[in-house]
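Working through the structure, step by step
Given next are the chains, with one letter for each unit.
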Amino acid sequence: MEIITQAVVKEVRGSVGNFRVTIEQEPRYVDIDKCTGCGVCASYCPVRKSDPYNEDLGEVAAIHIPYTQAVPAAFRVSPDHCLFLSRRECKQCTRACQAQAIDFSQKGRSFELNVGAVILSPGFSRYDLASTNAYRYREAENVVSAMEFERISNASGPYAGAILRPSDLRRPDKIAFIQCVGSRERQSGNTHCSSVCCKIAVKDAIVALEHEPDLEITIFYMDLRMFGKGFETFYWRARDAGVRFVRSRVADLRRDPETEDLHLRYVTENGALEEQVFNLVVLPAGFEPPVKASSLAADTEIGLNGHGFCRTRLFSPLETTRKGIFVAGTFQAPKAIPDSVVDGSGAAAHAAEALSTARGTLTRVKELPEERSIDADPRIGVFVCHCGKNIAGSLDVVEVSRYAESLPGVVYATTNIYSCSQDAQLLIRERIVEQGLNRVVVAACTPRTHEPLFQETAREAGLNRCLVEMTNIRDQCSWVHMNQPAVATEKAKELVRMAVAKAGLVQPLEETEIDVIPSALIIGAGLAGMTAALSLADQGFDCFLVEREKTLGGMLRHIFYTLEGEDPVTRLASLVERVRSHERITVFNESEIEQIDGFVGNFSTTISMPEEDGRKKIELEHGVIVVATGARLYQPQQYLFGTHPRVILQTELERRIGQQGGDGLEGIDRVVMIQCVGSRDETHPYCSGVCCSHAVKNALKLKDQNPRVRIAVLYRDMMTYGFHEDHYTLARERGIDFIRFEAHEPPLVTEEDGRLAVRVHDPLSDAVLGLKPDLLVLSPAIEPREDTKLVENLGLPLSSDGFFLESHAQLKPVESYVDGIFICGMAQFPTAINESIAQAKAAASKAAILLARGTIKVEPIVAEVDREKCTGCGICETFC
């Protein structure tokens, strides 16, 4: 992998498999191969400039490293501020740099790359708060953007993690967050919902309270869009911590010139005008397309949508309008970190499909130094991580490091701001060599995600991977003792002491390589399962697709039209045909998993399948597993569902509209829809994400068929995130009524004289409204499928909501806790069509990495038999 920084794409010629890409790169004026990142040059630089990484809240030298975890971890010169480049003066940095890494003779260059596929991921821009002076942003120092607040509260930020307001560097007592600034509004031109602002505000509020538990924090919002796995729980965590949520659009903000406090005026839902004083106001600005999206689109010859983001289609969310060029992340649409990670892997799968015939032709074997012998006494190095404020905010890492120095066998101990950063990895590698270390202890976060990184670093320094010990002083210490710094520090010392003691006893172990069976098992043949199977098959791998039902398609079979105007029925038929006709895919209908044995690279699965006179069992051997078992609709126990013929689900309404052309809807003049039926409650304490868009879609279709029909949607928060906000706006413009209700005051549905009657308390009018619908349509929760046998066979944990649990919510959203098993689609959590497809592609991408590698190294830390004590009873084998 080659990383080319400070560069832009200027032209893409050719076609898939053979693109010629013209790149223009600006000079860095620093040789990255020579730069050690020591920082001496910056200390001698006489020029200070505002620090863009810290949102201009601090300063850096004209020669600087952008941020602690920057890649590459090398300094760069800002040409607009350097005295030598602007006036041919100074060159202090050149004289100070012992590595002779500074090179002012560097020039910009233009060059070409020959590639087979292109992935665009230029990110996004933030709504320019200064351009409109939104909420006095230009005038009031204490009105800050969410990103500025992120840097204020970050340990590596300008205030070292202390919550201070910029005007006087005093701690604010009262903080307000104002939502939907530059988003969901016409005056800014950003009519879309930026999808993540609510989550950002809630996260920042929780982080602020972790720093200063007695802060008073208020979040002003229109709809609190905490859709997605775990986010509703996150919201309740914030409420329990004391965060106040006010449903209101703040009308005005006034700055007090004497105190620099901020007076907010707003109208509550019941019409009362309120005014409140805050010391700091945070504006989570809306997401916009990247600044040069138009020029990038022109240079790469791709299309943009009406919002200026990359144009894609519902059933091909990672494909641009030009074949062979794919998109990932927030250039496709505003989205959260896990979705961007999914997109990245999914786009890689697309590229791998396009380039499958060339796989392996340009691979190189990484060269590692010979492993050093460790016959000598233990020489242990201990590296204690700050992890920003994650660890250092709750315990004294310096004291832990000093304590480590006193332990037997420890010859070196230090701290790192971020031990996983590139510069810290380089430091660890250098210290292993310089200090002659033969054991390494890293006190940081969870080894589940980071241990392979430190093992690789040790191996690059000539040590065996098994000579690295990690102790988790984040999850198991700082997080659980957040407000007990003394206790946390003592516990961290104990954890480090135990890790050091263990490190003194460990010995190098030999890793054994075994062959990987080059085929995949996909469990579930819905949209996600079929997409994953096709992706792997198109990359050249055999796939076994196991489906318990007679027909393929899963929940997609119940969708007959979309908000985007695409035809899901035709798409499903085409998808099924492609799957059934693909030479590398074997489909097993009406089949179930009986037994799964083996491990990553070498799984053996027994399935039960139908035959003429009953069922038979067959055994499949494969290297990876993709779990795409889908989900199911909750069957309501409320609102007269199942007892009154005119109470139906949204899926039934869609079937009548889409499949029957409106048959059965004659004489329906009044329709009421109720959202959050069985969701965001004690039974299903999460938002299913797609229900609100489903309701809007069906409501608009009803209006198309009968413009006179009166529709009322009863909701708690409308979760029409992203570009679906436009459809929500259209629905209101077409006369569809949206009436909000509180969770503790759900609608009351009764039958009066044979007719349905719905009563709901409207917070706006503070009155109980009576509705007499001809049809009541419920939007039920999407709940996980219950299959205890499959869960036990897979050995995968479930989340508290009952869905399969990913390895890491942010960084590994489609990887499970078991190596070689991946999850996607609604098996992981309720997702929309485009999200399921992206996840399936991502799971296929991750699975293909293992299959394409051909071999894997078996974990060397395994049990062994003490022959002198073993009686040969066989009990261990039984339980294994």
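Residues numbered from 1 in each chain as written. Predicted model: local features only at pLDDT ≥ 70, side-chain atom pairs only at ≥ 80, totals over all residues. Heavy atoms only, no water.

Quick word on the packing of aromatic side chains
For the structure on display, the rule yields 19 aromatic pairs. Ring geometry for F383 versus Y412: centroids 5.9 Å apart, planes at 55°, classification tilted. Here the residue F383 occupies a position in strand β20 (residues 380-385), and Y412 occupies one in strand β21 (residues 410-416), the gap between them amounting to 29 residues. Taken as a pair, F383 and Y412 share a single burial class, namely buried. Members of the aromatic cluster, each reached through a chain of ring pairs, are Y221, Y235, W236 and F245. If you follow R109 out to its NZ or CZ, it ends over the ring of F111, 4.0 Å from the centre. (Phe/Tyr/Trp six-rings, centres within 6.5 Å; stacked < 30°, edge-to-face > 60°. Helix = DSSP H or I, 4+ residues; strand = E, 2+ residues; numbered from the N terminus. Buried < 20%, exposed > 50% of the residue type's maximum accessible area, 1.4 Å probe, protein only. Lys NZ or Arg CZ within 6 Å of the ring centre and 35° of its normal.)

Details of the side chain of S345
For S345, the position within the fold is in helix α9 (residues 337-354). Apart from residues no more than four positions distant in its own chain, S345 is found in contact with K841, A842, S845 and K846. (Contact = heavy atoms within 4.5 Å.)

Details of the sheet that holds strand β38 (residues 755-762)
Taking strand neighbours across the sheet as the criterion, the three strands line up as β37-β38-β39 in an open arrangement whose pairing is antiparallel. Edge positions in the sheet fall to β37 (748-752) and β39 (767-771), since each has one partner strand and no second. This sheet shows a mean twist of 25° between the axes of neighbouring strands, independent of strand direction. Pairing analysis gives five bridges linking β37 to β38, with the strands arranged antiparallel. Looking at the pairing, E751 lines up with L756 of β38. (Pairing = 2+ DSSP bridges. Axes fitted to C-alpha atoms, helices over the stretch in contact; angles between N-to-C directions.)

Comments concerning the sheet that holds strand β22 (residues 439-444)
An order of β21-β20-β22-β23 is seen for the four strands of this open sheet, with the pairing classed as parallel. Unpaired on one side and paired on the other, β21 and β23 (468-472) mark the two borders of the sheet. Each strand of the sheet is rotated relative to its neighbour by a mean of 15°, with strand direction disregarded. Of the pairings in the sheet, the one linking β22 to β23 comprises five bridges and is parallel in character. Each residue of the ladder has a partner; that of V441, found in β23, is E469. Helix α11 (residues 397-405) contacts β20 and β21 of the sheet and is inclined by roughly 170° relative to β21.

Looking at the pattern of salt bridges
Counted according to the given criterion, the structure contains 65 salt bridges. Ionic pairing is found between E210 and R237, a salt bridge with its closest N-O pair at 3.0 Å. Placement of E210 in helix α6 (residues 197-211) and of R237 in helix α7 (residues 231-240) is noted, with a sequence separation of 27 residues between them. Among the salt bridges present, the one from E652 reaches R655, with a minimum N-O distance of 2.8 Å. Separated by three residues within a single helix, E652 and R655 lie in helix α18 (residues 650-658), roughly one turn from each other. Given a relative accessible area of 27%, R655 falls into the partly exposed group. When salt bridges with common partners are traced through the structure, they connect R184, D223, R225, E232, R247, R680, D717 and E725 into a single cluster. (Salt bridge = Lys/Arg side-chain N within 4 Å of Asp/Glu carboxyl O.)

Structural notes on a nonpolar patch on the surface
A surface patch of nonpolar side chains, amounting to about 390 Å² of accessible area, comprises M1, I3 and V71. Among the structural elements, M1 can be located in the segment before β1 (7-15). (Patch = residues over 30% accessible without salt bridge, like charges linked within 9 Å, V, L, I, M, F, W, Y side chains within 5 Å. Areas by Shrake-Rupley, 256 points an atom, 1.4 Å probe, with all protein chains shown as cover.)

Looking at the packing of helix α12 (residues 422-434) against helix α13 (residues 447-460)
The geometry of α12 relative to α13 is characterised by a closest axis approach of 9 Å and an angle of 40° between their N-to-C directions. Classified by the angle their axes make, α12 and α13 are oblique. Remark: the crossing between α12 and α13 carries right-handed chirality. Each of Q425, I428, R429 and I432 in α12 lies in contact with α13, whose residues at this interface are L453, F454, T457, A458 and E460. Partitioning the contact of α12 with α13 into residue classes produces five nonpolar, two polar and two charged. (Parallel < 35°, antiparallel > 145°, perpendicular 65-115°, else oblique. Left-handed = near helix turned anticlockwise from the far one by under 90°. Nonpolar A, V, L, I, M, F, W, Y, C, P; charged D, E, K, R; others polar.)

Concerning the environment of V16
With respect to the helices and strands, V16 occurs in the loop between β1 and β2 (18-25). For the pair formed by V16 and I325, sequence separation is 309 residues and the distance between their alpha carbons is 7.7 Å. Beyond its immediate stretch of four places on either side in the chain, V16 contacts G116, K323, G324 and A354.

These figures come from the coordinates and say nothing about function on their own.
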